[in-house]
Amino acid sequence: MQYKKPYFTAALVALLVLGFLATSVISYLVAHDSLRTQIADEALPLTSDNIYSEIERDLLRSILISSLMAYNTFVIDWTLGGEKDPDKIIRYLKQIKQRYETTSAFFVSEEHRNYYHPDGVLKKVSRDDAADKWYFRVRNIDDPYEINLDFDTADRSRLSIFVNYRATDYNGKFIGVTGIGLSVERVADMIENYQRRYNRDIYFINREGMVTVRGSHYTGAKRIQDQPGMKRVATHILANPSATVNYTRPDGKTVYVNSRLVPEFDWYLIVEQPESDANARVLDALFANIVIALMITALVLGIAWFTLRGYQRRLEEMATTDKLTGAANRHVLEVIFNHDIPAARRHNTPVTLVSLDIDTFKQINDSQGHDCGDAILRSFAEIVRDHIRASDTLCRWGGDEFVILMNGLGSEEAGQRAEIIREAVMKHVFRCNKQSLEVTISIGVAEYRPDEVLTDLLKRADTALYASKKQGRNRTTSA
């Protein structure tokens, strides 16, 4: 897999770069051939889509926050508890407002109809109050929430975007409405940003054609019907959820207009661009696309590289490590043995294999269950790792049998180290099923002999291990 990674990465880079470049160049050539069509059918709708996507992103975040509030056990329990100590819910709403930087946060209870706000209990909602119609509307909807454009209860002069989320108790019974409010100024800031980036006029209008939100550089009329030259297309815009039209200004310039209805606000998003501004922007769009393509290519390449590296690391761990204990597996032991033995011969240093087996492990499994047995195996492996050198290799050979390959230690030194491990296991209190268990191990030690293969060395270590078992367990025997 290692040697294939560069080829995969190169192919991925080539595909991304060629794909993005081909798309950008083709778009550039098509724009030159059909500039008017490109502006009307591509550029303006793209700007409109970007703005709408950002609006949806903000709304999605707000919906998530509101849903977390509606399903918060504190809110549910506090409401079911009779709404005692209103300061608790007020502090909670204040924390939501500060943490998520919202314009408002609120909770209206069904039982007492109190409107809770970070500033306190503002009022009791009533069917007779036109400002409270939203609550009784949400109370009867089938959807879990609605998005509403309304004036803030805490400040009736401030127009805000509200996410009104139905709150229910643990049995699904309606207990109130909670949510947050976002300032319409956020949308205005977004308009300012896109106007600077694209040099286009962007604004919102309501169903009557009145301009509701605009950038600071907007110089048009308050109604699109009063905009010079736009009157003939205004009716078409207001009668359709989306439209692409153009009109001629008194100075003779053609202006292209894209409109789309934003259902969450019940407003139309209007994007305008004069034809004279488009010529210079075509080439700018090409360069911008190339830069964005390179950035995306770099991002995707980075993600792919780290993902592949992570997968390769995991595959290597799965191929070389026992999942339960973290010890090496048989294959790793064979590889290390074949590597260490030639080096030991050259330097005339000993190599010793230590075989370890947990005494009466089957009885523990049968009486306490396999989960308990697994826990003991994990703890046992940790104890062994704490008492061996970094150069030693701990391997789970099978079941409750482990082996340690000790490079540079003879039988006597390895036996001493094995004794330390045995005593550490014997002194350790293993806890399982709320019980304390005493565990002992039997150990066999065998030093490598010239020209000996791994299987022969293992047999001698196992023979020594079985001798420890026959002599009463919980002891170390050298071959």
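All values reported here derive from a predicted model rather than from experimental measurement.

Student: For this particular structure, what's the right way to read the pairing of strand β14 (residues 401–407)?
Tutor: Regular strands show a simple pattern: their side chains alternate between the two faces of the sheet. In terms of burial, β14 is a largely internal element, six of the seven residues being buried. Here seven bridges tie strand β12 (residues 351–358) to β14, and the two strands are oriented antiparallel to one another. When the sheet's bridge partners are listed, Val351 is paired in β14 with Asn407. Bridge analysis of strand β13 (residues 393–398) against β14 gives five bridges, and the strand direction is antiparallel. Its bridge partner lying in β14, Leu394 is registered against Ile404. Between β13 and β14, which follow one another and run antiparallel, lie two residues, and Gly399 among them has a positive phi close to 60°.

Student: Teacher, can you tell me more about the sheet that holds strand β10 (residues 254–262) here?
Tutor: Note on sheets: strands pair through backbone hydrogen bonds, and any given pair is parallel or antiparallel. Spatial ordering of the open sheet is given by β8-β7-β11-β10-β9, a layout of five strands whose pairing is antiparallel. Each having just a single partner strand, β8 (211–214) and β9 (242–248) make up the two edges of the open sheet. Across the sheet, the mean angle separating the axes of adjacent strands is 25° when strand polarity is ignored. Taken together, the three bridges between strand β7 (residues 201–205) and β8 define a ladder with antiparallel strand orientation.

Student: Even after reading the chapter, I still don't get the nonpolar core, so can you show me in this structure?
Tutor: Generally speaking, a soluble globular protein has its nonpolar side chains buried in company with each other. Residues Val354, Leu356, Ile376 and Ile404 are the most contacted members of the largest nonpolar core, which totals 31 residues. Breaking this core down by element, the ones donating at least two residues are β12, α10 (361–368), α11 (370–386), β14, α12 (411–427), β15 (429–432) and β17 (441–447). No other element matches α11, which puts seven residues into this core. Excluding its chain neighbours within four sequence positions, the residues that come into contact with Ile376 are Ile358, Phe361, Ile364, Phe430, Leu437 and Val439. Counting 25 residues, the second largest nonpolar core, distinct from the first, contains Leu44, Ala188, Val213 and Val262.

Student: I keep staring at the environment of Asn72 and nothing clicks. Help me out?
Tutor: Along the polypeptide, Asn72 turns up in the loop between α2 (35–70) and α3 (73–80). Overall, Asn72 belongs to the partly exposed group, its relative accessible area being 23%. It is 35 Å that separates the C-alpha atoms of Asn72 and Leu269, two residues lying 197 residues apart in sequence.

Student: Teacher, can you tell me more about α12 here?
Tutor: Side chains three or four residues apart in an α-helix point the same way, a direct result of the helix having 3.6 residues per turn. Spanning 17 residues, α12 covers 24 Å between terminal C-alpha atoms, matching the ideal 24 Å at 1.5 Å per step. By the burial criterion, the buried members of α12 are Ser411, Ala414, Gly415, Ala418, Ile421, Arg422, Ala424 and Val425. Next to the buried residues of α12 lie β12, α11, β14, β15, β17 and β18 (476–478).

Student: Would you mind going over the pattern of salt bridges with me for this structure?
Tutor: Pairs can form between side chains of opposite charge whenever their charged atoms are close. Enumeration over the complete set of coordinates arrives at 19 salt bridges. Several salt bridges converge on common partners, so that one network encompasses Glu110, Arg113 and Arg139.

Student: Help me understand the packing of aromatic side chains in this model?
Tutor: Aromatic rings considered in pairs are described by the distance between their centres and by the relative angle of their planes. Enumeration according to the criterion identifies 16 aromatic pairs in this entry. Seen in terms of ring centroids, Tyr135 and Phe136 are 5.2 Å apart; in terms of plane orientation they differ by 85°. Their pairing is edge-to-face. The same class applies to Tyr135 as to Phe136, namely buried. Taking the centre distance of 6.0 Å and the plane angle of 75° together, the rings of Phe337 and Tyr448 count as edge-to-face. Linking Phe337 in helix α9 (residues 330–347) with Tyr448 in the loop between β17 and α13 (454–470), this pair joins segments that are 111 residues apart in sequence. Counting every residue linked through ring pairs, the aromatic cluster contains Phe106, Tyr115, Trp134, Tyr135, Phe136, Phe162 and Phe174. Its guanidinium or amino end placed over the ring of Trp397, Arg330 lies 4.3 Å from that ring's centre, counting from NZ or CZ.

Student: What exactly am I supposed to notice about the environment of Asn206 here?
Tutor: Looking at where Asn206 falls in the secondary structure, it is placed in the loop between β7 and β8. Through-space distance from the C-alpha of Asn206 to that of Leu80 is 41 Å; in sequence the pair is 126 residues apart. Beyond its immediate sequence surroundings of up to four residues, Asn206 is in contact with Thr212, Leu238, Trp267 and Tyr268. A distance of 2.9 Å separates a polar atom in the side chain of Asn206 from the backbone nitrogen of Glu208.

Student: Explain the environment of Thr168 here, please?
Tutor: Inspection of the secondary structure assignment puts Thr168 in strand β5 (residues 159–168). A C-alpha to C-alpha distance of 7.4 Å links Thr168 and Ala70, two positions 98 residues apart in sequence. Those residues in contact with Thr168 that sit more than four places away from it in its chain are Ile76, Lys173, Phe174 and Ile175.

Student: In this structure, what is going on with the side chain of Thr79? I would like to understand it.
Tutor: Take Thr79: it is sitting in helix α3. There is a polar contact of 2.7 Å between the side chain of Thr79 and the backbone oxygen of Val75. Not counting residues within four places of it along the chain, the set of residues in contact with Thr79 comprises Phe107 and Ile175.

Student: What is the right way to read the sheet that holds strand β4 (residues 145–151) from this model?
Tutor: Here we have six strands laid out as an open sheet, ordered β3-β2-β1-β6-β5-β4, and antiparallel in their pairing. In the strand order of this sheet, the two ends are held by β3 (120–124) and β4, each with one partner. Here the average twist between neighbouring strands, direction ignored, is 25°. Sheet topology places β4 next to β5; seven bridges connect them, and they run antiparallel. Its bridge partner lying in β5, Ile147 is registered against Val163.

Student: How do you make sense of the packing of α3 against helix α4 (residues 86–100) when you look at a structure like this?
Tutor: For any two helices packed against each other, the geometry comes down to the angle between their axes and how far apart the axes lie. Relative orientation of the contacting elements α3 and α4 amounts to 160°, with a least axis distance of 11 Å. In terms of axis orientation, α3 runs roughly antiparallel to α4. In this structure, the crossing between α3 and α4 has a hand that is left-handed. Along the contact surface, α3 presents Phe74, Val75 and Trp78, while α4 presents Pro86, Lys88, Ile89 and Tyr92.

Cut-offs and rules
- Residues numbered from 1 in each chain as written.
- Predicted model: local features only at pLDDT ≥ 70, side-chain atom pairs only at ≥ 80, totals over all residues.
- Heavy atoms only, no water.
- Buried < 20%, exposed > 50% of the residue type's maximum accessible area, 1.4 Å probe, protein only.
- Helix = DSSP H or I, 4+ residues; strand = E, 2+ residues; numbered from the N terminus.
- Pairing = 2+ DSSP bridges.
- Axes fitted to C-alpha atoms, helices over the stretch in contact; angles between N-to-C directions.
- Core = buried A, V, L, I, M, F, W, Y, C linked by side-chain atoms within 4.5 Å.
- Contact = heavy atoms within 4.5 Å.
- Expected span 1.5 Å × (residues − 1).
- Salt bridge = Lys/Arg side-chain N within 4 Å of Asp/Glu carboxyl O.
- Phe/Tyr/Trp six-rings, centres within 6.5 Å; stacked < 30°, edge-to-face > 60°.
- Lys NZ or Arg CZ within 6 Å of the ring centre and 35° of its normal.
- Polar contact = N/O pair within 3.5 Å; in protein donor to acceptor, adjacent residues only side chain to side chain.
- Parallel < 35°, antiparallel > 145°, perpendicular 65-115°, else oblique.
- Left-handed = near helix turned anticlockwise from the far one by under 90°.

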